[in-house]
Amino acid sequence: MSVEAMTMENLWQEIQVQLNHHPEPIKGMTTTYAFNLSGDDGGLFGLKIVDGKAETIQGDPGENDCALSLSVKDFKKLLTGNLNATASYMMGKLKVKGSLGHALKLESILKEYSF
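Residues numbered from 1 in each chain as written. Predicted model: local features only at pLDDT ≥ 70, side-chain atom pairs only at ≥ 80, totals over all residues. Heavy atoms only, no water.

Counting residues in each nonpolar core, the largest one holds 32 residues, and the members touching the most others are W12, Y33, F35, L37, L47, L68 and F75. Examining the composition of this core, we find that five residues originate from one element, helix α1 (residues 8–21), more than from any other. When neighbours within four sequence positions are excluded, W12 is seen to be in contact with F35, L37, F45, G46, L47, T56, Q58 and F75. (Core = buried A, V, L, I, M, F, W, Y, C linked by side-chain atoms within 4.5 Å. Buried < 20%, exposed > 50% of the residue type's maximum accessible area, 1.4 Å probe, protein only. Helix = DSSP H or I, 4+ residues; strand = E, 2+ residues; numbered from the N terminus. Contact = heavy atoms within 4.5 Å.)

Now the structure itself:
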């Protein structure tokens with residue numbers, strides 16, 4: 001099933017499966033991301049990475065290192081490698097609270113997976 005056709009619930013499950021099945025890109029990381037996704041099927045989500053283990057959270061993940069706000073459509077583009085995070089940030093499509101470095105690291109990590 002294509003990313004565009006997946007519900008956010010299924011997509012977050014797939015993210016967790018893929019990251020845990022292929023943990024090399026996230027080894028040594030300890031970071032929590034919060035996502036505020038707008039649009040159809042949007043909401044609050046989280047991604048917690050602790051040394052090669054990923055856990056997705058549906059709802060507010062609480063304390064985080066980096067919070068990203070973007071549309072569901074742009075989030076799906078980010079997952080598939082069709083969104084440049086830097087350009088989106090400059091154009092105001094992506095808002096980041098916390099570490100911008102963590103946001104850029106997330107983009108490079110996601111490129112290691114096939115969504």
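Our focus in this paragraph is the packing of α1 against helix α2 (residues 72–79). Two packed helices can be described by the angle between their axes and the distance between those axes. Where α1 contacts α2, the axes come no closer than 13 Å and their chain directions differ by 25°. What the angle tells us is that α1 and α2 run roughly parallel. Handedness of the α1/α2 crossing: left-handed. Residues M8, L11, W12 and I15 of α1 lie in contact with α2, whose contacting residues are V72, F75, K76 and L79. Among the residues making up the contact of α1 with α2, the classes are represented as seven nonpolar, no polar and one charged. (Axes fitted to C-alpha atoms, helices over the stretch in contact; angles between N-to-C directions. Parallel < 35°, antiparallel > 145°, perpendicular 65-115°, else oblique. Left-handed = near helix turned anticlockwise from the far one by under 90°. Nonpolar A, V, L, I, M, F, W, Y, C, P; charged D, E, K, R; others polar.)

With that out of the way, let us pick up the sheet that holds strand β1 (residues 30–38). Reading across the sheet, the five strands line up as β3-β2-β1-β4-β5 and stay open at both edges, with mixed pairing between neighbours. In the strand order of this sheet, the two ends are held by β3 (53–58) and β5 (95–98), each with one partner. On average, each strand axis in the sheet is inclined to that of its neighbour by 15°, with strand direction left out of account. Alignment of strand β2 (residues 43–50) against β3, held across six bridges, turns out to be antiparallel. Residue pairing in the sheet places I49 in a bridge with A54 of β3. Packed onto the sheet, α2 meets β1 and β4 (66–71) and runs at close to 115° relative to β4. (Pairing = 2+ DSSP bridges.)

Moving on: the environment of E9. With respect to the helices and strands, E9 occurs in helix α1. Given the relative accessible area of 44%, E9 is considered partly exposed. Taking the C-alpha atoms as reference points, E9 and I57, 48 residues apart in sequence, are found 9.8 Å from one another.

Throughout the structure, instances matching the rule amount to six aromatic pairs. Three or more aromatic residues link up through ring pairs in this structure, and these residues are W12, Y33, F35, F45 and F75. (Phe/Tyr/Trp six-rings, centres within 6.5 Å; stacked < 30°, edge-to-face > 60°.)

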